[in-house]
Amino acid sequence: HLEDSPRDAEIVHDMLEANGPACDIVHVDSRAPFESALADGAFDVIICDFGLPDIDGLTALRLTKDRFELLAGECELKYVSVFSSRRLNIFKMIT
């Protein structure tokens, strides 16, 4: 889970624990640890804040696609953000 806000990371964690399937959550808060986590492991889903100080959602998507295409694996990238719905709809059309 790529999220720079500890409060938002806790909310997502609590929601997954309460409603999602049992899972291991790896939380990182910036680009360098995100890239390191991508290099170290395989993920089924990545939850990502769309706007962080040192990485944006599109860059996180590119890094994820590059990493998992090399491994011939599949991984979903889900965004959590307070951006306007119009901006998210434009982003959905791009991806």
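Residues numbered from 1 in each chain as written. Predicted model: local features only at pLDDT ≥ 70, side-chain atom pairs only at ≥ 80, totals over all residues. Heavy atoms only, no water.

Draft legend 1. Examining the layout of surface pockets more closely. Roughly 450 Å³ of volume is contained in the largest pocket. Taken together, 19 residues line the largest pocket, and the ones lying closest to its centre are Asp24, Ile25, Phe43, Val45 and Ile46. Here the residues of the lining of the largest pocket sort into 15 nonpolar, 2 polar and 2 charged. (1 Å grid on protein atoms, 1.4 Å probe; cavity = no way out; pocket = protein on both sides within 12 Å on 5 of 7 lines; lining within 4 Å. Points joined across faces, edges and corners; volume = space filled by probe spheres on them. Nonpolar A, V, L, I, M, F, W, Y, C, P; charged D, E, K, R; others polar.)

Draft legend 2. Up close: the side chain of Glu3. In this fold, Glu3 is placed in the segment before α1 (6-19). One polar contact links the side chain of Glu3 to the main-chain amide nitrogen of Ser5, over a distance of 2.9 Å. If near-sequence neighbours (up to four positions away) are discounted, Glu3 is found in contact with Asp8, Ala9, His27, Val28, Asp29, Asp49 and Leu52. (Helix = DSSP H or I, 4+ residues; strand = E, 2+ residues; numbered from the N terminus. Polar contact = N/O pair within 3.5 Å; in protein donor to acceptor, adjacent residues only side chain to side chain. Contact = heavy atoms within 4.5 Å.)

Draft legend 3. Just the nonpolar core, in detail. Counting 12 residues, the largest nonpolar core is built from Leu2, Val28, Phe34, Ala37, Leu38, Ile46, Cys48, Leu52, Ile55, Ala60, Leu63 and Phe68. Among the secondary structure elements, those contributing two or more residues to this core are α2 (31-40), β1 (45-49) and α3 (57-70). Once you skip the residues sitting within four places of it in the chain, Leu63 turns out to touch Arg31, Phe34, Glu35, Leu38 and Ile55. (Core = buried A, V, L, I, M, F, W, Y, C linked by side-chain atoms within 4.5 Å. Buried < 20%, exposed > 50% of the residue type's maximum accessible area, 1.4 Å probe, protein only.)

Draft legend 4. Seen up close, the pattern of salt bridges. If you walk through the whole model with that rule in mind, you get 2 salt bridges. Across the pair Asp8 and Arg7 runs a salt bridge, and its minimum N-O distance is 4.0 Å. Taking relative accessible area as the criterion, Arg7 reaches 62% and is therefore assigned exposed. A salt bridge links Glu35 to Arg31; the shortest N-O distance between them is 2.8 Å. On the criterion of helical spacing, the pair formed by Glu35 and Arg31 is a turn pair, its members being 4 residues apart in helix α2. (Salt bridge = Lys/Arg side-chain N within 4 Å of Asp/Glu carboxyl O.)

Draft legend 5. Fine view of the environment of Asp44. Turning to its location among the elements, Asp44 is positioned in the loop between α2 and β1. Owing to a relative accessible area of 67%, Asp44 belongs among the exposed residues under this scheme. For Asp44 and Cys23, which are 21 residues apart along the polypeptide, the C-alpha to C-alpha distance reads 10.0 Å.

Draft legend 6. The arrangement of the confidence of the model for the protein in detail. Here the protein shows a mean pLDDT of 77. Residues at 70 or above account for 72%. Of all secondary-structure elements in the protein, the lowest mean pLDDT belongs to helix α4 (residues 85-94), at 47, while α2 reaches the highest, 93. Note that residues 84-95 has pLDDT below 50 and, in this model, 6 contacts with residues that lie over four places away or in other chains. (pLDDT = per-residue confidence, 0-100.)

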